[in-house]
Amino acid sequence: MERAKRSAAALDRAGRDADAAPSFPRDGVEALHEAGLLTAFAPRESGGAALTKAQRADALMDALRIVGRADLSLGRIFEGHVNALALFDWYGSAAQKAELATRLVEGRVYGVWATEPAPGVRITVDDALEGAKSFATGAGEIDYAIVTAARDETRRLVIAPAKDAPRADVSGWTVRGMRATMSGRYDLSGLAVAPDMLLGGPGDYDLEPRFTGGAWRFAAVQLGGVERILTLMREALNKAAREDPLVRSQFGAAVVAARSAYLWVREAGLRSESEAPDANSFALMTRGVVERAGLDVIELASRAVGTRAFFTGGDLDRFCRDLGLYLRQAAPDHARDRAAAAWLERDCWGAGDELW
């Protein structure tokens, strides 16, 4: 997507500054707004682009990985925003989509918060939230979060204000990578739930293939990180290194890993956005492919570049730190196992090209 490419330099600068502080990447978010990326993937009724499912998959993949190449923390924030827009598209009322349009024009940022400490967030009999979210990306910084909350033993989606600083606690986010996401605890207790804050119906958040298939979107951001590390690896190799066949072998292996992951993410995006059969199995397998590519490229770059790869403040060190943490998504081995089980039953690659 051209608008993402034109913003890449500004996003890159903002990412360095936010990581060094560390602080929420406000300048990066503003650059996304100025480029129109906060609105591009919204529902059409909310000002989003008129795209076919295939066009949306291609454009969204490019946007996610280009933002990821510039700054993985911002990429995570942008991915959460895009996820929220998808929920509005699927489940939002006409009034909610109209309100979303107004807020996007103002540059408001959304997220999706589902992770929570026990006993979890619930909607009380008095129509108020009780409980907190943990690892909440942009806690106290993004404008709104779509949060999951239990009512009558089913999950509901609630559009909650997320920029109330006293409710946020990011003191525990003492990590080496993805520092600028400011992923902390956010206390929702006492927040009244008006009818227009409920998005969709009971259980909508868990509907398939939207729930599992959506994993392709964070894989696309991670792919952007893999591509950036590959680029930085190449830039760091001097003439002597480029003439060394062992270093060239390492670089070649990194190219294969990155480009192979690209093919899987592209395919997963097309299937998931069109809600095709086996979209879930494809997304789950793609998670593992991107994780393996990321781990391999991090190691290959570190070996080829050597000590220079670990200097604090360097882009290669920043991206290796960020990607190393970002790859730690929940239960990766179980995700691969579920995908493998599906592939054992049938070749999920698709009709017309099955191997069994």
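Conventions and cut-offs
- Residues numbered from 1 in each chain as written.
- Predicted model: local features only at pLDDT ≥ 70, side-chain atom pairs only at ≥ 80, totals over all residues.
- Heavy atoms only, no water.
- Helix = DSSP H or I, 4+ residues; strand = E, 2+ residues; numbered from the N terminus.
- Rg over C-alpha atoms; globule rule 2.2 N^0.38 Å.
- Buried < 20%, exposed > 50% of the residue type's maximum accessible area, 1.4 Å probe, protein only.
- Contact = heavy atoms within 4.5 Å.
- Areas by Shrake-Rupley, 256 points an atom, 1.4 Å probe, with all protein chains shown as cover.
- Lys, Arg positive; Asp, Glu negative; His and termini not counted.
- Charge placed at Lys NZ, Arg CZ, Asp CG, Glu CD.
- Axes fitted to C-alpha atoms, helices over the stretch in contact; angles between N-to-C directions.
- Parallel < 35°, antiparallel > 145°, perpendicular 65-115°, else oblique.
- Left-handed = near helix turned anticlockwise from the far one by under 90°.
- Nonpolar A, V, L, I, M, F, W, Y, C, P; charged D, E, K, R; others polar.
- Pairing = 2+ DSSP bridges.
- Expected span 1.5 Å × (residues − 1).
- Salt bridge = Lys/Arg side-chain N within 4 Å of Asp/Glu carboxyl O.
- Core = buried A, V, L, I, M, F, W, Y, C linked by side-chain atoms within 4.5 Å.
- Polar contact = N/O pair within 3.5 Å; in protein donor to acceptor, adjacent residues only side chain to side chain.

A.B. asks: Tell me about the overall build of the protein, residues and numbers included.
C.D. replies: Across its full length, the protein carries 13 helices and nine strands. Taking 356 residues into account, the globule formula puts the C-alpha radius of gyration at 21 Å, and the protein, at 20 Å, falls close to it. Projected onto its principal axes, the C-alpha coordinates of the protein cover approximately 70 × 55 × 40 Å. Within the protein, buried positions represent 54% of all 356 residues. Long-range pairs, those at least 24 residues apart, make up 74% of the contacts in the protein with a sequence separation of at least 6. When the accessible area of the protein is evaluated, it comes to approximately 16000 Å², of which 53% is carbon and sulfur surface. Averaging the locations of the 45 positively and 50 negatively charged side chains of the protein gives two centres separated by 5 Å.

A.B. asks: Break down the packing of helix α8 (residues 215–236) against helix α10 (residues 245–273) for me, citing the residues and quoting the values.
C.D. replies: In a packed pair of helices, the relevant descriptors are the angle between the two axes and the axis-to-axis distance. Orientation of α8 relative to α10, taken along the N-to-C sense of each, is 160°, at an axis distance of 10 Å. In terms of orientation, α8 and α10 fall into the roughly antiparallel class. Remark: the crossing between α8 and α10 carries left-handed chirality. When its residues are assigned to classes, the contact of α8 with α10 shows 15 nonpolar, three polar and five charged.

A.B. asks: Can you lay out the side chain of R103 for me, pointing to particular residues and giving the numbers?
C.D. replies: Turning to its location among the elements, R103 is positioned in helix α6 (residues 94–105). Among residues more than four places away in sequence, those in contact with R103 are R108, Y110, Y144 and I159.

A.B. asks: I'd like a rundown of the pairing of strand β4 (residues 132–136), residues and numbers included.
C.D. replies: Counting buried positions over the five residues of β4 gives four, a clear majority of the element. Relative to strand β8 (residues 184–187), β4 runs antiparallel, the two being bridged by three bridges. For A132, the partnering residue across the bridge sits in β8 and is D187.

A.B. asks: So, the sheet that holds β4: which residues are in play, and what are the values?
C.D. replies: Consider a sheet: its strands pair through backbone hydrogen bonds, and that pairing is either parallel or antiparallel. The three strands lie next to each other as β4-β8-β7, forming an open sheet whose pairing is antiparallel. If you trace the sheet from one side to the other, it starts and ends with β4 and β7 (168–169), each paired once. In this structure, β7 lies alongside β8, joined through two bridges in antiparallel fashion. Among the inter-strand pairings, A168 is bridged to a residue of β8, identified as Y186.

A.B. asks: So, α8: which residues are in play, and what are the values?
C.D. replies: When the terminal C-alpha atoms of α8 are compared, their 32 Å separation across 22 residues agrees well with the 32 Å that a helix rising 1.5 Å per residue should span. The buried count for α8 comes to 19 of 22 residues, which makes it a mostly enclosed element.

A.B. asks: Explain the pattern of salt bridges to me, and be specific about the residues and the numbers.
C.D. replies: Summed over the entire model, instances satisfying the criterion amount to 34 salt bridges. The partner of D12 in a salt bridge is R228, and the shortest N-O contact between them spans 3.1 Å. One end of the pair, D12, is in helix α1 (residues 2–20); the other, R228, is in helix α8, and 216 residues separate them in sequence. Judged on exposure class, the residue D12 and its partner R228 are both buried.

A.B. asks: Which residues make up the nonpolar core, and what values go with them?
C.D. replies: With 94 residues, the main nonpolar core has F78, L129, V158 and I229 as its most contacted residues. If one sorts the elements of this core by residue count, α8 sits on top with 13 residues. Within the second largest apolar cluster, 16 residues are counted, among which are A42, A84, L104 and Y144.

A.B. asks: Help me get a handle on the environment of R287, residues and values and all.
C.D. replies: Within the secondary structure layout, R287 lies in helix α11 (residues 279–305). Between the C-alpha atoms of R287 and A220, which are 67 residues apart in sequence, the distance is 9.5 Å. Not counting residues up to four positions away in its chain, the partners in contact with R287 are A215, F218, Q329, A330, A331, P332 and A335. From its side chain, R287 meets the backbone oxygen of A330 in a polar contact 2.6 Å long.

A.B. asks: Describe in detail the packing of α8 against helix α12 (residues 315–326), supporting the description with residues and values.
C.D. replies: α12 packs onto α8 with a crossing angle of 150° between their chain directions and a minimal axis gap of 10 Å. Taken as axis vectors, α8 and α12 run roughly antiparallel relative to one another. α12 is crossed by α8, and the crossing has left-handed handedness. Mapping the contact onto sequence places F218, V221, Q222, G225, V226, R228, I229 and L232 in α8 and D315, L316, F319, C320, L323 and Y326 in α12.

A.B. asks: Describe the pairing of strand β1 (residues 110–113), with residues and values.
C.D. replies: The two faces of β1 match: Y110 and V112 on one face and G111 and W113 on the other face are all buried. Pairing of β1 with strand β5 (residues 144–151), which is carried by four bridges, proceeds in the parallel orientation. When the bridges of β5 are listed, Y110 appears paired with Y144.

A.B. asks: Could you give an account of unusual backbone geometry, with specific residues and numbers?
C.D. replies: Glycine aside, negative phi is the norm for most residues, and most peptide bonds take the trans geometry. Here the residue pair A118 and P119 is connected by a cis peptide bond, since its omega of 5° sits within 30 degrees of zero. With respect to the element layout, P119 can be found in the loop between β1 and β2 (122–123). Of note in this structure, D127 is not a glycine but carries a positive phi near 60°. Structurally, D127 is set in the loop between β2 and β3 (129–130). At E275, a position not held by glycine, the phi torsion is positive, near 55°. Relative to the elements of secondary structure, E275 occurs in the loop between α10 and α11. Owing to a relative accessible area of 32%, E275 belongs among the partly exposed residues under this scheme.

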